[in-house]
Amino acid sequence: MRRINGLEVDQDLAFERKSWTVQRVGWGVMTLAVVAALAGLLGPGPASRATASTPDGAIAVEYDRFVRASAPAEIGVSVGRGAIQGGVVRLWVDRRYVAEVAFERIVPEPASVEVARDRLVYVFAAAAGATTGRIGFTARPRTFGRKTVRLGLDGGSEVVFGQFVYP
């Protein structure tokens, strides 16, 4: 006990200063976590949404860079001129990615699915006279970590993009 101005005070100013420093660092970390979450680095948000496309414009994919395991993730595929051949669109997805996710919904529903050595080919019927279209996949990742997604037109262009799946 120290006597300060006639009072006996039990204090440890060095410890108090360290405690205040730890508190301020904690506030900074919490602020950064909130900003990252609002920006989309921990899930859906402006920094999370991305687009990848082929140089010829045959395919454009909208996706989230950061998703959660066991939570639905939307992948939108826009097909342009040249993608519709013979009234159908033949879109393939890499089998490694298909093995790591569960496709819950595909809109429009494919007319058929063909199994190839390293990919699944989804065949979609196109409306008469259509030159462009949009296909939506709802995928639920089963595992977490960095995922590389490859998809493309059967016999044509392909798009490669990455997603990070949080646990």
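Rules and cut-offs
- Residues numbered from 1 in each chain as written.
- Predicted model: local features only at pLDDT ≥ 70, side-chain atom pairs only at ≥ 80, totals over all residues.
- Heavy atoms only, no water.
- Helix = DSSP H or I, 4+ residues; strand = E, 2+ residues; numbered from the N terminus.
- Expected span 1.5 Å × (residues − 1).
- 1 Å grid on protein atoms, 1.4 Å probe; cavity = no way out; pocket = protein on both sides within 12 Å on 5 of 7 lines; lining within 4 Å.
- Points joined across faces, edges and corners; volume = space filled by probe spheres on them.
- Buried < 20%, exposed > 50% of the residue type's maximum accessible area, 1.4 Å probe, protein only.
- Pairing = 2+ DSSP bridges.
- Axes fitted to C-alpha atoms, helices over the stretch in contact; angles between N-to-C directions.

**Student:** I'm lost on helix α1 (residues 13-39) in this one. Help?
**Tutor:** Quick reminder: α-helices carry 3.6 residues per turn. Residues three or four places apart thus point the same way. Across its 27 residues, α1 extends 39 Å between first and last C-alpha, which sits within 8% of the 39 Å expected from 1.5 Å per residue. With its phi angle positive at about 105°, G40 sits one or two positions after the end of α1.

**Student:** Got a minute to help me understand the layout of surface pockets in this structure?
**Tutor:** With a probe scaled to a water molecule rolled over the atoms, the places where space remains empty come into view. Roughly 170 Å³ of volume is contained in the largest pocket. Lining the largest pocket, in full, are D56, A58, G82, A83, Q85, V88, R90, L153, D154, G155, G156 and S157.

**Student:** What exactly am I supposed to notice about the environment of E109 here?
**Tutor:** Along the chain, E109 falls in the loop between β8 (101-107) and β9 (112-115). Given the relative accessible area of 68%, E109 is considered exposed. For the pair E109 and Y122, spaced 13 residues apart in sequence, the C-alpha separation works out to 9.2 Å.

**Student:** Got a minute to help me understand the sheet that holds strand β3 (residues 49-53) in this structure?
**Tutor:** The strands that make up a sheet are held in pairs by hydrogen bonds between backbone atoms, and each pair lies either parallel or antiparallel. Strand order in the open sheet formed by five strands is β3-β4-β6-β11-β8, and the pairing between neighbours is antiparallel. Of all strands in the sheet, those bounded by a partner on one side alone are β3 and β8. The average undirected angle you get between the axes of adjacent strands in this sheet is 20°. Sheet topology places strand β4 (residues 59-64) next to strand β6 (residues 73-79); four bridges connect them, and they run antiparallel. Across the sheet, the residue bridging to E62 is G76, located in β6.

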